[in-house]
Amino acid sequence: MTTQYTMTINGQQVAADSHSEINNPSNGELVGLSPQASTAHLNDAVAAAEKAFQSWRFSSDDDRKAACHTMADILEANAGDLAVLLTKEQGKPLAGMGSNFELGGCIGWTRYTAEQSLEVKLLQDNEGGRIEQHRVPIGVVGSITPWNWPLMIAIWHVIPAIRTGNTVVIKPSPYTPLSTLKMIELISEAVPPGVLNCVAGGNELGAEITQHPAIGKVVFTGSIATGKKVMASASETLKAITLELGGNDPGIVLPDVDPKAMAEGIFWGSFINSGQTCGALKRLYVHDSIYDETCQALTDFAANVPMGDGMDENNVLGPLQNEMQFNKVKDLVEDAKAQGARILCGGEPTGQGYFYPITLVADIKDGTRLVDEEQFGPVLPIIRYSELSDAIASANGLEYGLDASVWSTDAEAAAKVAAQLEAGTVFINKHAEIAPHVPFGGIKCSGLGVEFGEEGLEAYTNIKIVNAAA
Ligand code: NAD
């Protein structure tokens, strides 16, 4: 029997009147029915979160820390089932950097954030008075998430918000709502009713969140186009916002590199989650002197990477998550072919599901859509350069600014390039590595604000000054 999923509102499981079908992108099978929240459901969730905020905001730091650890315990106990559900609705394999890896990330981030705290800063204590800087919660946080790493991104939004005394209404992507609905149902048991709510629905539900007058902050992860709408809409009520948006990360390979030695690092920096990762390497600039060798080394490596149904643990890459993305990737590759680019491997999807083969594209230039636009799929354009200054100008030449990387055995040369790259993170000899203690965020059109680390936690608070006369 098909499972009809429910929403978490005020500690209760609430059914909707209508549902959407969620199908497995590997084989089209029905995975479950996702509730479609009405405006009344959203209002109920926000009202519950507002009410819960009145006591959760004054809960002790120890209680909030314990609640987050309880959530991590619940995640650990249910990781296997959640991973299977995630694989079925998102497509990513259980193995490799897939669903089990994502659940591991959820647990790790929750534990780390549980242990974080924001101390009161003493700014002045003298004959002029005593001035303290406190970090206080904002209120109800609206969280809007995408379909590529549904659970991990939900955790990145929810846990710091709750840890700092806020309450939350989260809305997952309409493409991958089921695993988030289930995860929130489970972990919301660790907090009083109303502290953590989850509603599901289409894009218009996201827009309603960004307009809602009782929501104090919106944390949004998704595309640049939607991010701009979120910012515009949130301005009406002057909400705090964190935006983690799209990337088109460049990597620059300097001539001193041994292509065989770095092929694996570049490959996984690019093809993690079949390229459906904001901070994946999406265009590779390689020096002329090692261009052919690099193309060959990457093609050789790619030949041994199994892609297929994620329930088969032999596979480490899965399909694209949805038809829209599949058509977009296909379109970009067809356009590159029409512009005369050379397909080193892949480039022709076959079979059922939204599988797009691992595709490496050579003899391609800036100005081609596959280079200039975020492909968000298992396709890497490899661009030849002769002058390093040109490669750096190309890397910086787009509206994106999430991550970038430089690949070299010469630490000094790499550092010089890193200093010139416009990005929130510059990696050296690696790409797409994140950690809970390291702030992560984009500049330019790739985002506003950071997640993780102390600064990421602070983003869920307002500064409150207590200024006492001596
Ligand atoms: P998307 O922008 O289409 O959707 C993201 C979420 O926004 C969904 O929940 C959607 O329902 C909601 N939404 C849509 N219209 C809305 C509106 N007008 N107001 C409010 N919410 C609305 O993005 P996507 O296709 O789900 O995700 C892929 C994109 O996300 C890629 O560009 C990727 O790079 C980016 N991304 C960025 C990060 C990061 O941390 N920087 C992480 C993951 C994904």
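Predicted, not measured: the structure shown is a model, and the values here were computed from it.

The next point concerns the environment of Ala-154. Among the structural elements, Ala-154 can be located in helix α4 (residues 150–163). Counting along the chain gives 17 residues from Ala-154 to Lys-171, while the straight-line C-alpha distance between them is 8.9 Å.

With respect to spatial proximity, 29 residues lie near the ligand, and among them Thr-145, Asn-203, Ser-223, Leu-245 and Glu-374 are the closest. A distance of 2.9 Å is found between an oxygen atom of the ligand and a side-chain nitrogen or oxygen belonging to Lys-171. In the complex, 91% of the free accessible area of the ligand, which totals 860 Å², lies under the protein chains. Placement of the ligand is best described as lying within the largest pocket. Counting only elements with at least two residues in the shell around the ligand, the list comes to α6 (203–211), β10 (217–221) and α7 (224–235). Here the residues of the shell around the ligand sort into 14 nonpolar, 11 polar and 4 charged.

In terms of domains, the protein is made up of domain 1 (7–245 + 443–468) and domain 2 (249–428). Distance from the C-alpha centre of domain 1 to the C-alpha centre of domain 2: 31 Å. Domain 1 puts 27 residues into the contact, and the matching count from domain 2 is 34 residues. The largest contributions to the domain 1 side of the interface with domain 2 come from Ser-26, Trp-147 and Lys-444, which together make up 22% of the buried area.

To continue, consider the sheet that holds strand β6 (residues 129–137). On the basis of which strands lie adjacent, the open sheet formed by 3 strands has the order β5-β6-β20 and antiparallel pairing. In the strand order of this sheet, the two ends are held by β5 (121–126) and β20 (461–468), each with one partner. Mean inter-strand twist for the sheet, computed between neighbouring axes without regard to direction, equals 20 degrees.

As a volume, the largest pocket reaches approximately 850 Å³. Taken together, 34 residues make up the lining of the largest pocket; nearest its centre are Trp-147, Phe-220, Gly-222, Ser-223 and Thr-226. The dominant element in the lining of the largest pocket, judged by the number of residues it contributes, is α7, at 6 residues. Considered class by class, the residues forming the lining of the largest pocket number 15 nonpolar, 13 polar and 6 charged. Formed jointly, the lining of the largest pocket draws a minimum of three residues from each of two domains, domain 1 (7–245 + 443–468) and domain 2 (249–428).

On to the packing of helix α2 (residues 61–90) against helix α5 (residues 178–187), then. Contact pair α2 / α5: the axes reach a minimum separation of 9 Å and the direction vectors enclose 165 degrees. What the angle tells us is that α2 and α5 run roughly antiparallel. Between α2 and α5 lies a crossing whose hand is right-handed. In this structure, α2 contributes Met-71, Ile-74, Leu-75, Asn-78, Leu-82, Leu-85, Leu-86 and Glu-89 to the contact, and α5 contributes Leu-178, Ser-179, Thr-180, Lys-182, Met-183, Leu-186 and Ile-187.

Below, the discussion takes up the pairing of strand β16 (residues 379–385). In terms of residue burial, β16 counts as a mostly covered element, since 6 of its 7 residues are buried. Where strand β13 (residues 281–287) and β16 come together, 4 bridges link them in parallel fashion. Of the residues in β16, the one forming a bridge with Val-286 is Arg-384. Across 3 bridges, the pairing between strand β15 (residues 359–362) and β16 is parallel. Within the sheet, the bridge partner assigned to Thr-359 lies in β16 and is Val-379.

Attention now goes to empty space enclosed by the protein. Applying the stated criterion across every chain yields a total of 3 cavities of 30 Å³ or more. Considered as a void within the structure, the largest cavity measures approximately 90 Å³ in volume. Looking at the largest cavity, it is lined by 13 residues, and the ones nearest its centre are Thr-113, Gln-116, Trp-156, Pro-160 and Phe-452. In terms of residue class, the lining of the largest cavity is built from 8 nonpolar, 4 polar and 1 charged. Within this model, the second largest cavity holds a volume of roughly 70 Å³. Pro-250, Ala-395, Tyr-400, Asp-403 and Glu-422 are the residues nearest the centre of the second largest cavity, which is lined by 14 residues in total. Of all the secondary structure elements, the ones that give two or more residues to the lining of the second largest cavity are β12 (249–253), α12 (388–396) and β17 (403–407). Considered class by class, the residues forming the lining of the second largest cavity number 7 nonpolar, 3 polar and 4 charged.

Considered for burial, the residues of α12 that qualify are Ala-391, Ile-392, Ser-394, Ala-395 and Asn-396. Packed against the buried residues of α12 are β12, β13, β16 and α13 (411–420).

Here we come to the packing of aromatic side chains. Counted under the stated rule, the structure contains 12 aromatic pairs. Aromatic side chains Phe-440 and Phe-452 sit 5.9 Å apart centroid to centroid with 15 degrees between the ring planes, which places their arrangement in the stacked category. You can see Phe-440 sitting in the loop between β18 (425–428) and β19 (447–448) and its partner Phe-452 sitting in the loop between β19 and α14 (453–458), a full 12 residues away along the chain. Through successive ring pairs, a cluster of aromatic residues spans Trp-109, Trp-156, Phe-440 and Phe-452. Against the face of Trp-149 rests Lys-92, its NZ or CZ located 3.6 Å from the ring centre. It is Lys-217 that lies over the ring of Tyr-460; its NZ or CZ is 4.6 Å from the centre.

Analysis parameters
Residues numbered from 1 in each chain as written. Predicted model: local features only at pLDDT ≥ 70, side-chain atom pairs only at ≥ 80, totals over all residues. Heavy atoms only, no water. Helix = DSSP H or I, 4+ residues; strand = E, 2+ residues; numbered from the N terminus. Near = heavy atom within 4 Å. Polar contact = N/O pair within 3.5 Å; in protein donor to acceptor, adjacent residues only side chain to side chain. Areas by Shrake-Rupley, 256 points an atom, 1.4 Å probe, with all protein chains shown as cover. 1 Å grid on protein atoms, 1.4 Å probe; cavity = no way out; pocket = protein on both sides within 12 Å on 5 of 7 lines; lining within 4 Å. Sits in = over half its atoms within 2 Å of the grid points. Nonpolar A, V, L, I, M, F, W, Y, C, P; charged D, E, K, R; others polar. Domains from an automatic or database assignment. Contact = heavy atoms within 4.5 Å. Buried area = accessible area lost by both parts, 1.4 Å probe. Pairing = 2+ DSSP bridges. Axes fitted to C-alpha atoms, helices over the stretch in contact; angles between N-to-C directions. Points joined across faces, edges and corners; volume = space filled by probe spheres on them. Parallel < 35°, antiparallel > 145°, perpendicular 65-115°, else oblique. Left-handed = near helix turned anticlockwise from the far one by under 90°. Buried < 20%, exposed > 50% of the residue type's maximum accessible area, 1.4 Å probe, protein only. Phe/Tyr/Trp six-rings, centres within 6.5 Å; stacked < 30°, edge-to-face > 60°. Lys NZ or Arg CZ within 6 Å of the ring centre and 35° of its normal.

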